[in-house]
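# An overview of the molecular structure
One letter stands for each residue in the lines below.
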Amino acid sequence: MIDIHCHILPGLDDGPENFQGTLEMCRMAVDCGITSVFATPHLYNSLFTTNRASILDVYEETRAALESEGVPLSLYLGADLHLVPDLGEKILKNQALTLNNSRYFLLELPSTILPPNLDQVVQKMISDSFVPIITHPERNPVILKREEILFDLLEQGALCQITAMSLTGEFGKDCERFACRMLEAGAVHFIASDAHSTGWRKPDLCPAVSVAEQIIGAEDARRLVKDYPEAILSGGGIGPVSVKRPPKPKRFWFF
């Protein structure tokens, strides 16, 4: 399996504090059946001072440490890109970090207020030949209330990544229900750990894949943790995927 979203680099954001923590996460990932990980620290998040240069330095040091320790895990570079006004320009100028220097990149949307021109922003990125992967929309309070926002972006050509722990209910019932609805609708392209440690948010995909298999079958579940991530690594493409908007959940009013 391949994990495309993992905060595994040390000392950059709210992931592991040091190389020891990183190595523990890497060993755990291997034990859980993960063969490759995209290291995706936060970038353009005001809580952290990360930049492209600092991430590259730590990434190279981490790869050397894995090789020195004999940990059989392939590490690729990316970033958890937060939506800022000039993000599209930063990507075009190679100031941001896409997944393995491909045209695919992780895009984390604001969790309180979404920009009114979000559709145009995403469409401009796609017209520039980049493909945003919307990260964990099931954990975004705005999208939880208005799922049509996500479906509009997917119909434009964006892709969707849900968090493994959302499928297993560890982020709460609302996130679990939303993630399952998206799977049933064919609106999910990746399951990722979004791991930060070896504790509560750990690099393990197996329990979530088991849940996905029950919903969409083993073959389709495999695509989300192997086939589609491999397409990113190989420089290939992820073809158009049929997305069916599910009927809106019924709401009952009690007086």
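These figures come from a predicted structure and were not determined experimentally.

### What to know about the packing of aromatic side chains
- Taken as a whole and assessed by the stated rule, the structure comprises three aromatic pairs.
- Seen from their ring centres, Phe38 and Tyr76 are 5.7 Å apart, and the 35° between their planes marks the pair as tilted. One end of the pair, Phe38, is in strand E2 (residues 36-39); the other, Tyr76, is in strand E4 (residues 74-77), and 38 residues separate them in sequence.
- Residue classification places Tyr76 among the partly exposed residues on the basis of a relative accessible area of 22%.
- Between the aromatic rings of Phe190 and Tyr228, the centroid separation amounts to 6.3 Å while the plane-to-plane angle is 65°, which identifies the pairing as edge-to-face. Residue Phe190 is located in strand E9 (residues 190-192), and its partner Tyr228 is located in helix H10 (residues 218-234); the two are separated by 38 residues in the primary sequence. Here Phe190 and Tyr228 have matching classes, each one buried.
- A cation over an aromatic ring shows up here: Arg139 above the ring of Phe171, its NZ or CZ 4.5 Å from the ring centre.

### Observations regarding helix H4 (residues 118-127)
- Of all the residues in H4, the buried ones are Leu118, Val122 and Met125. Looking straight down H4, one finds its buried side chains confined to an arc of 55°; they lie on one side.
- A positive backbone phi angle near 75° is found at Ser129, which sits one or two residues after H4.

### Things to note about the environment of Ser197
- Along the chain, Ser197 turns up in the loop between E9 and helix H9 (206-216).
- For Ser197, a relative accessible area of 28% gives the class partly exposed.
- For the pair Ser197 and Leu109, spaced 88 residues apart in sequence, the C-alpha separation works out to 23 Å.
- In this structure Ser197 touches Met25, Lys202 and Pro203, once residues within four positions along its chain are discounted.
- One polar contact links the side chain of Ser197 to the main-chain amide nitrogen of Gly199, over a distance of 3.0 Å.

### Overview of the state of the cysteines
- Counted under the stated rule, the structure contains zero disulfides.
- Unpaired in this structure, Cys26 has its nearest cysteine sulfur neighbour in Cys6, at a distance of 7.6 Å.
- For Cys180, which is in no disulfide, the shortest distance to another cysteine sulfur is to Cys175 and amounts to 11 Å.
- Residue class for Cys180 comes out buried when judged on its relative accessible area of 18%.

### Considerations on the pairing of E4
- On E4, burial follows the alternation: Leu75 and Leu77 on one face are buried, whereas Ser74 and Tyr76 on the facing-out side are not.
- Alignment of E2 against E4, held across four bridges, turns out to be parallel. Looking at the pairing, Ala39 lines up with Leu77 of E4.

### Some words on the packing of helix H1 (residues 19-31) against helix H2 (residues 52-69)
- Two elements in contact, H1 and H2, have axes whose closest approach is 11 Å; the angle formed by their N-to-C orientations is 60°. For the pair H1 and H2, the crossing hand works out as right-handed. Each of Phe19, Thr22, Leu23, Cys26 and Arg27 in H1 lies in contact with H2, whose residues at this interface are Glu61, Thr62, Ala65, Leu66 and Glu69.
- Taken together, the residues of the contact of H1 with H2 break down into five nonpolar, two polar and three charged.

### So, the packing of H4 against helix H6 (residues 148-156)
- Running from amino to carboxyl end, H4 crosses H6 at an angle of 25°, the nearest separation of the two axes being 10 Å. One way to sum up the angle between H4 and H6 is to call them roughly parallel. As for the relative orientation of H4 and H6, their crossing is right-handed in sense. On H6, the residues touching Leu118, Asp119, Val122, Gln123 and Ile126 of H4 are Ile149, Asp152, Leu153 and Gln156.
- Partitioned by chemical class, the residues of the contact of H4 with H6 number five nonpolar, two polar and two charged.

Here is what the cut-offs are and how they apply
- Per chain, residues are indexed from 1 in the order of the written sequence.
- With pLDDT at 70 or above as the cut-off, local features in this predicted model cover only qualifying residues; side-chain atom pairs require 80 or more to be listed or tallied, and sums for whole chains, interfaces and linings still use all residues.
- Hydrogen atoms and water are omitted, and side-chain values are computed over all heavy atoms in the structure.
- Any pair of Phe, Tyr and Trp rings, taking the six-membered ring for Trp, is counted once the centres come within 6.5 Å. Such a pair is stacked with planes under 30 degrees apart, edge-to-face with planes over 60 apart, and tilted for the rest.
- Strands here are runs of E lasting at least two residues and helices are runs of H or I lasting at least four, both read from the DSSP assignment and numbered beginning at the N terminus.
- Relative accessibility decides the category of a residue: with a 1.4 Å probe and only protein chains considered, values under 20% of the type maximum give buried, values over 50% give exposed, and everything between is partly exposed.
- As a reminder, the over-ring test applies to NZ of lysine and CZ of arginine, requiring each to be within 6 Å of the ring centre and within 35 degrees of the ring normal.
- The directions considered for the arc run from the helix axis to the C-beta atoms.
- Residue contacts are counted whenever heavy atoms from the two residues lie within 4.5 Å of one another.
- Two N or O atoms form a polar contact when they lie within 3.5 Å of each other; inside protein one atom must be a possible hydrogen donor and the other a possible acceptor, and for residues adjacent in sequence the pair counts only when both atoms belong to side chains.
- Count a disulfide wherever a pair of cysteine sulfur atoms falls within 2.5 Å.
- Only strands that DSSP links by at least two bridges are regarded as paired with each other.
- Each axis is a line fitted through C-alpha atoms, and for a helix only the stretch in contact is used; angles between axes span 0 to 180 degrees, taken between their N-to-C directions.
- Should the near helix be turned anticlockwise from the far one by less than a right angle, the crossing is termed left-handed; should it be turned clockwise, right-handed.
- Note on residue classes: Ala, Val, Leu, Ile, Met, Phe, Trp, Tyr, Cys and Pro are nonpolar, Asp, Glu, Lys and Arg are charged, and everything else, Gly too, is polar.
- Any angle from 65 to 115 degrees is called roughly perpendicular, while one under 35 is roughly parallel, one over 145 is roughly antiparallel, and all others are oblique.

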